[in-house]
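Listed below, chain by chain, are the residues.
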2 protein chains.
Amino acid sequence: MGKIFGGMAASLDGYIASADGDMAWLNSSMVKGEDYGFSDMMSRTGAYIMGANTYREALKYNSGGDTTPTFIVTHDTTLPKAGPNVEFFSGDLEELAEKAKASTDKDVCLYGGANLLKQFINQGLIDEIGISLVPVLLGGGVPYFGALDSMKKLKLVKCKTFGSGIVILTYHLVN
Amino acid sequence: MGKIFGGMAASLDGYIASADGDMAWLNSSMVKGEDYGFSDMMSRTGAYIMGANTYREALKYNSGGDTTPTFIVTHDTTLPKAGPNVEFFSGDLEELAEKAKASTDKDVCLYGGANLLKQFINQGLIDEIGISLVPVLLGGGVPYFGALDSMKKLKLVKCKTFGSGIVILTYHLVN
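The sections below set out a description of the structure shown in this document.

Calculation rules
Residues numbered from 1 in each chain as written. Chains lettered and ligands numbered in written order. Predicted model: local features only at pLDDT ≥ 70, side-chain atom pairs only at ≥ 80, totals over all residues. Heavy atoms only, no water. Helix = DSSP H or I, 4+ residues; strand = E, 2+ residues; numbered from the N terminus. Buried < 20%, exposed > 50% of the residue type's maximum accessible area, 1.4 Å probe, protein only. Lys, Arg positive; Asp, Glu negative; His and termini not counted. Salt bridge = Lys/Arg side-chain N within 4 Å of Asp/Glu carboxyl O. Polar contact = N/O pair within 3.5 Å; in protein donor to acceptor, adjacent residues only side chain to side chain. Contact = heavy atoms within 4.5 Å. Buried area = accessible area lost by both parts, 1.4 Å probe. Nonpolar A, V, L, I, M, F, W, Y, C, P; charged D, E, K, R; others polar. Pairing = 2+ DSSP bridges. Core = buried A, V, L, I, M, F, W, Y, C linked by side-chain atoms within 4.5 Å. Axes fitted to C-alpha atoms, helices over the stretch in contact; angles between N-to-C directions. Parallel < 35°, antiparallel > 145°, perpendicular 65-115°, else oblique. Least-squares fit on C-alpha atoms with pLDDT ≥ 70 in both.

### Focus on the side chain of Asp 13 of chain B
- Residue position: Asp 13 of chain B is located in the loop between strand 1 (4–11) and strand 2 (15–17).
- One buried charged residue, Asp 13 of chain B, remains without a salt bridge, the closest side chain of opposite sign being Lys 152 of chain A at 11 Å.
- A polar atom in the side chain of Asp 13 of chain B sits 2.6 Å from the side chain of Ser 11 of chain B.
- Separated by 3.0 Å, the side chain of Asp 13 of chain B and the backbone nitrogen of Leu 138 of chain B make a polar contact.
- Among residues more than four places away in sequence, those in contact with Asp 13 of chain B are Phe 145 of chain A together with Val 136, Leu 137, Leu 138, Gly 139 and Gly 140 of chain B.

Below is the structure:
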């Protein structure tokens, strides 16, 4: 059975979005030709899990043609279904983790947001965390990591630096 | 004239101390024989700047025999002077930065704490920031970076990984 992994770009001070939602800090930091592993990430992913807010954002860009199983954690029964691959879920996250893993032989991508990631970390349901550290101090905004119930040990499994100054760090959670 | 640099160990979620002040997360992560650059840092340092709280902590371990100029930012006139090298300062930080740099041909270490670092970043008075990312999620505590007045661009100048999973990242501030 595959792993559940999450990954996001964050500023050095740990924000995934600026206070005003402007993404220029991220877009202007990325350099054409640098392989940040997007295609690797997509090819290892057999299912997605995301929260309602992330899904609402994704809906803006989604053509509905994707066939990858996508589980949306939400109590909002009015959300539109972007495609036949989309399933809404409002129960226990441990059950969801098992369900998502059982839906594919590949890995499961926890696509966000930060609140859902926090819950997965707190419940010990995530195996791998990736962070693309962008060389900028945002000084405020939406934090990547939320408050946790207890300390979690990590194991560094990969560190890759780019000419742009972006550093991709990959960790496994140690249980 | 030398640079002003700051550096600290932080958890992946950006805390330099746990909520209860226990440092086991840091001490148990460091591995004997790994060179985290402490001696390099000491040999490049010709003066220290620190806040009152950091100084109070340092007093517990200070023999008073050190001769490196050490500037303490404080309004507290009751603080004991650990040695002839210690000077208390309560004025403008830009003036302090010039004063500290003029006191040595070497670099100036902004030793902490987080609040003073924040002020130095906000006022554009720091040239280099180092962070030793410890492979742990503390989940709460004292954050390394505070809220800033505006976004600051960084340039990655060094990234060093260790078998322990600690990653030392060094950035210059781009003005």
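Resuming the write-up.
### A closer look at the interface of chain A and chain B
- Of the residues lining the interface, 29 residues belong to chain A; the matching set on chain B comes to 29 residues.
- Both sides together, the interface formed by chain A and chain B hides about 2400 Å², and carbon and sulfur atoms give 75% of it.
- Joining chain A to chain B, the criterion identifies 0 salt bridges.
- On the surface where chain A and chain B come into contact, there are 6 residue pairs in polar contact (both at pLDDT 80 or more).
- Breaking the side of chain A that touches chain B down by element, the ones donating at least two residues are strand 7 (128–134), strand 8 (136–137), strand 10 (152–161) and strand 11 (167–173) of chain A.
- With 6 residues, the single largest contributor to the side of chain A that touches chain B is strand 10 of chain A.
- Classifying every residue of the side of chain A that touches chain B gives 20 nonpolar, 6 polar and 3 charged.
- Sheet topology note: the strand 8 of chain A/strand 10 (residues 152–161) of chain B ladder contains 2 bridges and is antiparallel. Bridging from a neighbouring strand, Leu 137 of chain A pairs with Lys 152 of chain B of strand 10 of chain B.

### Brief notes about the pattern of salt bridges
- For the structure on display, the rule yields 10 salt bridges over all chains.
- Of the charged contacts, one joins Arg 44 of chain A and Glu 128 of chain A as a salt bridge, the two residues approaching to 2.9 Å between their closest N and O atoms. Linking Arg 44 of chain A in helix 2 (residues 38–44) with Glu 128 of chain A in strand 7, this pair joins segments that are 84 residues apart in sequence.
- Using a relative accessible area of 9% as the deciding quantity, one classes Glu 128 of chain A as buried.
- Of the charged contacts in the structure, one is a salt bridge between Lys 99 of chain B and Glu 87 of chain B, with a shortest N-O distance of 2.6 Å. In this pair, Lys 99 of chain B sits in helix 4 (residues 93–102) while Glu 87 of chain B sits in strand 5 (residues 86–89), placing the two residues 12 residues apart along the sequence.
- A relative accessible area of 34% means that Lys 99 of chain B is categorised as partly exposed.
- For Glu 87 of chain B, a relative accessible area of 30% puts it in the partly exposed group.
- Within this structure, Arg 44, Asp 107 and Glu 128 of chain A form a network of salt bridges that share partners.

### Here we look at the nonpolar core
- The biggest cluster of nonpolar side chains holds 70 residues, and the ones touching the most others in it are Ile 49 and Phe 120 of chain A together with Ile 49 and Phe 120 of chain B.
- Setting aside residues no more than four positions away along its own chain, Ile 49 of chain B makes contact with Phe 71, Val 73, Leu 96, Ala 100, Val 108, Cys 109, Leu 110, Tyr 111, Gly 112, Leu 116 and Phe 120 of chain B.

### Brief notes about the packing of helix 4 of chain B against helix 5 (residues 114–122) of chain B
Residues and elements named next belong to chain B.
- Packing of helix 4 against helix 5 leaves a shortest axis separation of 10 Å and a crossing angle of 95°. Here helix 5 runs roughly perpendicular to helix 4, going by the angle between their axes. Of helix 5, the residues touching helix 4 (which contributes Leu 93, Leu 96 and Ala 97) are Leu 116, Gln 119 and Phe 120.
- A class-by-class count of the residues in the contact of helix 4 with helix 5 yields 5 nonpolar, 1 polar and no charged.

### Notes on the sheet that holds strand 4 (residues 70–73) of chain A
- On the basis of which strands lie adjacent, the open sheet formed by 9 strands has the order 5(A)-4(A)-3(A)-6(A)-1(A)-7(A)-11(A)-10(A)-8(B) and mixed pairing. The two strands at the open ends of the sheet, each matched to only one other strand, are strand 5 (86–89) of chain A together with strand 8 (136–137) of chain B.
- Alignment of strand 7 of chain A against strand 11 of chain A, held across 6 bridges, turns out to be antiparallel. Opposite Ile 131 of chain A, over in strand 11 of chain A, you have Leu 169 of chain A as the bridge partner.
- The strands touched by helix 3 (residues 52–59) of chain A within the sheet are strand 3 (45–51), strand 4, strand 5 and strand 6 (107–112) of chain A, with strand 3 of chain A carrying the most contacts at an inclination of about 110°.

### With respect to the relation of the copies chain A and chain B
- Rotating chain A by 180° and translating it 0.0 Å along the rotation axis places it on chain B, where the RMSD comes to 0.0 Å. Such a combination of rotation and displacement between the chain copies is what one expects of a two-fold axis. Ranked by how close their C-alpha atoms come to the rotation axis, the residues of chain A are headed by Gly 14 of chain A, at 3.4 Å.

### Description of the side chain of Ser 18 of chain B
Residues and elements named next belong to chain B.
- Locating Ser 18 in the fold gives a position in the loop between strand 2 and helix 1 (24–27).
- Taking relative accessible area as the criterion, Ser 18 reaches 11% and is therefore assigned buried.
- A distance of 2.7 Å separates the side chain of Ser 18 from the side chain of Asp 20, its partner in a polar contact.
- Within polar-contact distance, the side chain of Ser 18 engages the backbone oxygen of Asp 22 at 3.0 Å.
- Beyond its immediate sequence surroundings of up to four residues, Ser 18 is in contact with Trp 25, Leu 138, Gly 140 and Gly 141.

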